[in-house]
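The residues making up each chain are set out below.
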Amino acid sequence: RIRPRWRRASGGAMEHEQGAVERVGQSEVDSVAAPEKEEPPERSFSRVGADYGESVEDPVEQRKQERSVSPARQQKSRESISSFGGSSSEKRGGIWDGYIRHGSNLFGNDADTQPTCWAAFSDSGRAFLWELRRKALVTVQHPDIWLTGLLVLLVLLAATLGSIFAWSNEESETMRFNAKVMAKEVATAMSHQLDVALIPLITMRNYVKQLSALTALSDSIGVRGEPGSAPVANGAKGITHRNMTGVFDAQVIALFNNIAKDVRSTTGIDEIVMAIELAPKAVVSMIHPLTETKTLRNGKVVVQDHNGAIGHDLLNDPNRAAIAEATVPAPGVVIAGPLVLVEDDIVKTLIARLPINIPGQMMIVGGKEYECWGFVVALLDWEQLIEEVGVYSRFENAGMLFSLTRTDRVKQSDGTFFDKVVTIAESKEITASGGNITMPEDKLTFALNMTNNEWVMAVGYRNGFMVSWLSYSIVLAVFGSLVFTINIIYSLVNRKEHKLLLFRMMPKGAIVKLQKGESVIEKYEQVTIFFSDIIGFTSMAGDMTPIQVMQMLNELYTIFDALVEKFNVYKVAKFALAALEAVKNFRKEDGTTVLIRCGLASGPVVAGVVGKAMPRYCLFGDTVNFASRMESTSSSMKIQVAELTHSLLQSSNTNFHIKKRMGQDGLPGIPVKGKGRVNTYWVHGIQEFNDSFVSIKEDELDPAQDPASRPAEVMVGVEPPPDEASHAGANFPV
């Protein structure tokens, strides 16, 4: 700390002198320049004089001395003050001028240069990164911080992610349940609608059994290839038809048309039932209506012409043989499709076939004879049927996807069969995507018991049964946990830094007592105190701005701090030798060197904390004064120790090079204020460190300097009280 000192000059006036104080582990620097025309407050003036135990002149004498200062020195002082923003007459340039005057050269910027916005933000960014790096180093150096942060992070992640996954699983189960319910509702509705659509088949079967004109149609067709049967004819894909010309008379055809028309209209589902067919001997013989113009739901008009289907021999068409052969022995309705019929090439059609079993009417399938007249066929508009059920709208409104497939048994040319899975309906979203959207892997499947074909309905959601907000919630939970953990770590780092700062200012035990509200009084029987000062500091500081003084002292103190950490402050003599070597290599901004002198004394002290608003750890005792006298009577770049300190060094395990100091009169010892003549010693170095520390020659001894020319004191341990037996400052017992 740089603090003002007032001392008596030879002419009786008061001169202002700047002093420097360093405490181990603490760098606290203030600068005070003599005001140009204002006298220092009398209370502060008296306090400083009282602290140092020196005689104090009237402030009037001080003002006379100030007026005697040269104009150049006064101008330099004003410039120094204004560099801290203390010039009230200078016009302010706004926030940037204030930024300059209050520390803009933290990163080496010229304080007299107006910074640009980018430079200001750049400096702020570098300051932030530097602070971040410092916090990170503290975190790494103290495992308790990052271990606590890691534990907090794990607990937060476990709690938040656990809650999210539990909620997600509950939502997924709800989605699965809803999918099951929806599939069941749709299957029930489709089954009911299909049952209604198949009513015409049952009605027509009853008419065929009861009307002999219709029953005789099977005999008129005959068995393929036998004499008197309907001859074989070519179809669109080969010999798949029979020639039906003249097989039935017009009255029978008219009878069928009238019955089929009534059956179709009375069911009320003529939009779904596109046509009704009779297929005796599995040959399509009659169709109603034979032709029809139909308007589809999309507004498109199609003409359905079934003339090409007349005479279609289903058992001899490879594409229809399997389903026809399955229909003959079937006990109920057999459904194929939906298929796109050749005659319209647009409408998807379900082909429902119901076998008609009449005694005496036989059919041979696969070498086996069955009692079967043939079957009645209904062509059902598949799209119309599922629209009536509302399949698309049901799933779309529920936000679900669905796919309905059937498995057909297809006969190959070699007579073998294979299963073919065909999609007969799916969500419009899937169809419109062109394959970009498909059913998810995580889906539910249900077998629909509606026909002899195997129909399977798959139900799911676009993202499966995983809730849509799961991924976002996980990201937010992880991010939030990290932010919270970083804040915890930041708080722990600040707390740790605060503790470390307190421990540097005073011993840990003293802090613990203060936190408990206890008084701190400690007695040490044997301590060694180190004092040092910068030679010629007063004149040196006069040629430097306050910021330059602060920077120089900060750099020097930083070096001493490193030495304190290295020697742990318990090896004071070694520390003093290392300090001399460090100062020897130290250079100021202009390249010039700095010289110090050192003094050590040992003895008992009492330590304690005084004050409440700003408590200070203080040392009390004659040892403090004695150490200060050892420094003040020392010489440049030398270490002077008292008799007791010499004895302690001699009894240590280290071989110090020590030599007794001789006075100007050639006798051992030097006069010390308040002590008389005492024996003192020079510490030159250590045997094993001869190459590291500078040897001090006896002919370099200087007489004790006049107290009036004493420089500012740089001290590791305590602040020097020249005449008082007590002093407030940090101390380190050895």
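Residues numbered from 1 in each chain as written. Predicted model: local features only at pLDDT ≥ 70, side-chain atom pairs only at ≥ 80, totals over all residues. Heavy atoms only, no water.

Observations concerning the overall build of the chain
Secondary structure summary: the chain contains 21 helices and 27 strands in total. Taken over 734 residues, the chain has a buried fraction of 43%. In the chain, 66% of the contacts between residues at least 6 apart in sequence involve partners at least 24 apart. Looking at the chain as shown, the accessible area adds up to about 37800 Å², and 55% of this sits on carbon and sulfur atoms. (Helix = DSSP H or I, 4+ residues; strand = E, 2+ residues; numbered from the N terminus. Buried < 20%, exposed > 50% of the residue type's maximum accessible area, 1.4 Å probe, protein only. Contact = heavy atoms within 4.5 Å. Areas by Shrake-Rupley, 256 points an atom, 1.4 Å probe, with all protein chains shown as cover.)

Considering the pairing of strand β17 (residues 454-460)
Burial within β17 is extensive, with 5 of its 7 residues counted as buried. Here strand β16 (residues 444-448) pairs with β17 via 5 bridges, running antiparallel. The partner of Phe 446 across the bridge, within β17, is Met 457. (Pairing = 2+ DSSP bridges.)

With respect to the sheet that holds strand β9 (residues 334-340)
Judged by pairing direction, the sheet is antiparallel, and its 5 strands sit side by side in the order β6-β5-β13-β10-β9 without closing on themselves. If you trace the sheet from one side to the other, it starts and ends with β6 (286-288) and β9, each paired once. Adjacent strand axes in the sheet meet at a mean angle of 20 degrees, parallel and antiparallel pairs treated alike. Where strand β5 (residues 273-280) and strand β13 (residues 374-381) come together, 7 bridges link them in antiparallel fashion. (Axes fitted to C-alpha atoms, helices over the stretch in contact; angles between N-to-C directions.)

A look at unusual backbone geometry
Cis peptide bonds are those with omega within 30 degrees of zero, and the linkage from His 288 to Pro 289 qualifies with -10 degrees. By the secondary structure assignment, Pro 289 is in the loop between β6 and β7 (291-295). Positive phi is not limited to glycine here, since Ala 282 has a value of about 65 degrees. Positive phi outside glycine occurs at Met 637, with the angle close to 60 degrees. Tracing the chain through its elements places Met 637 in the loop between α20 (622-632) and β21 (639-642).

Some remarks on the environment of Gln 384
By secondary structure assignment, the location of Gln 384 is in helix α12 (residues 382-389). Classification of Gln 384 as buried rests on a relative accessible area of 9%. As a C-alpha pair, Gln 384 and Val 273 span 111 residues in sequence and 9.4 Å in three-dimensional space.

Here's the deal with the pattern of salt bridges
If charged atoms from side chains of opposite charge come close, those side chains can pair. Tallying each qualifying case throughout the model produces 17 salt bridges. Residue Glu 131 pairs with Arg 134 through a salt bridge whose shortest N-O separation is 2.6 Å. Placement of both Glu 131 and Arg 134 in helix α5 (residues 117-141) is noted, with a separation of 3 residues, approximately one turn of the helix. Its salt-bridge partner being Lys 675, residue Asp 622 comes within 2.2 Å of it at the nearest N-O pair. Taken together, the residues span a long stretch of sequence, with Asp 622 in helix α20 and Lys 675 in the loop between β23 (670-672) and β24 (676-678) at a distance of 53 residues. Bridged by salt links that share partners, the residues Glu 131, Arg 134, Lys 135 and Glu 497 form one connected network. (Salt bridge = Lys/Arg side-chain N within 4 Å of Asp/Glu carboxyl O.)

Some details on the nonpolar core
For soluble globular proteins, the rule of thumb is that nonpolar side chains tend to be buried together. Ranked by internal contacts, the top residues of the largest apolar core, which has 68 residues, are Met 190, Leu 278, Leu 380, Trp 382, Phe 395, Leu 404 and Met 457. The biggest single contributor to this core is helix α6 (residues 143-197), with 14 residues. With near-sequence residues (within four places) excluded, Leu 404 lies in contact with Met 190, Trp 382, Val 422, Thr 423, Ile 424, Ala 425, Leu 448, Trp 455, Val 456 and Met 457. Counting 38 residues, the second-largest nonpolar core is a separate cluster that includes Ala 541, Leu 553, Leu 577 and Ala 578. (Core = buried A, V, L, I, M, F, W, Y, C linked by side-chain atoms within 4.5 Å.)

Side note on a nonpolar patch on the surface
Where nonpolar side chains cluster on the molecular surface, the patch consists of Trp 146, Leu 147, Leu 150 and Leu 154 and spans about 380 Å² of accessible area. Mapped onto the fold, Leu 154 is located in helix α6. (Patch = residues over 30% accessible without salt bridge, like charges linked within 9 Å, V, L, I, M, F, W, Y side chains within 5 Å.)

Examining the packing of α6 against α12
Running from N to C, α6 and α12 point in directions that differ by 130 degrees, and their axes come no closer than 9 Å. Judged on the interaxial angle alone, α12 and α6 are oblique. Where α6 crosses over α12, the handedness of that crossing is right-handed. Between α6, through Val 186, Ala 189, Met 190, Gln 193, Leu 194 and Ala 197, and α12, the contact on the second element is made entirely by Trp 382, Leu 385, Ile 386, Glu 388 and Val 389. When the residues that make up the contact of α6 with α12 are grouped by side-chain class, the tally is 9 nonpolar, 1 polar and 1 charged. (Parallel < 35°, antiparallel > 145°, perpendicular 65-115°, else oblique. Left-handed = near helix turned anticlockwise from the far one by under 90°. Nonpolar A, V, L, I, M, F, W, Y, C, P; charged D, E, K, R; others polar.)

Observations regarding the packing of aromatic side chains
The description of two aromatic rings rests on the distance between their centres and on the angle between their planes. Taken as a whole and assessed by the stated rule, the structure comprises 7 aromatic pairs. With a centroid separation of 5.3 Å and 85 degrees between ring planes, the pair formed by Phe 530 and Phe 575 is classed as edge-to-face. Of the two residues, Phe 530 sits in strand β18 (residues 521-534) while Phe 575 sits in helix α19 (residues 572-585), which places them 45 residues apart along the sequence. Overall, the relative accessible area of 3% leaves Phe 530 in the buried class. For Phe 575, a relative accessible area of 4% puts it in the buried group. (Phe/Tyr/Trp six-rings, centres within 6.5 Å; stacked < 30°, edge-to-face > 60°.)

Observations regarding the confidence of the model for the chain
Counting all residues, the mean pLDDT for the chain is 76, and 75% of those residues have values of 70 or more. The secondary structure element of the chain with the lowest average pLDDT is helix α1 (residues 42-52), at 31, and the one with the highest is β21, at 95. Note on residues 1-111: pLDDT under 50 across the span, and 193 contacts to partners over four residues away in sequence or across chains. Every residue in residues 689-734 is under pLDDT 50, and counting partners more than four places away or in other chains gives 164 contacts. (pLDDT = per-residue confidence, 0-100.)

Describing helix α7 (residues 199-210)
The terminal C-alpha atoms of α7, which comprises 12 residues, lie 17 Å apart, in line with the 16 Å expected from a rise of 1.5 Å per residue. Inspection of α7 places Pro 200, Leu 201, Met 204 and Val 208 among the buried residues, and these make up the whole buried set. Here the buried residues of α7 occupy an arc of 100 degrees about the axis, which is enough to place them on one side. In the core, the buried residues of α7 are packed alongside α6, α8 (212-215), α10 (250-266), β5, β10 (348-356) and β13. (Expected span 1.5 Å × (residues − 1). Arc of directions from axis to C-beta.)

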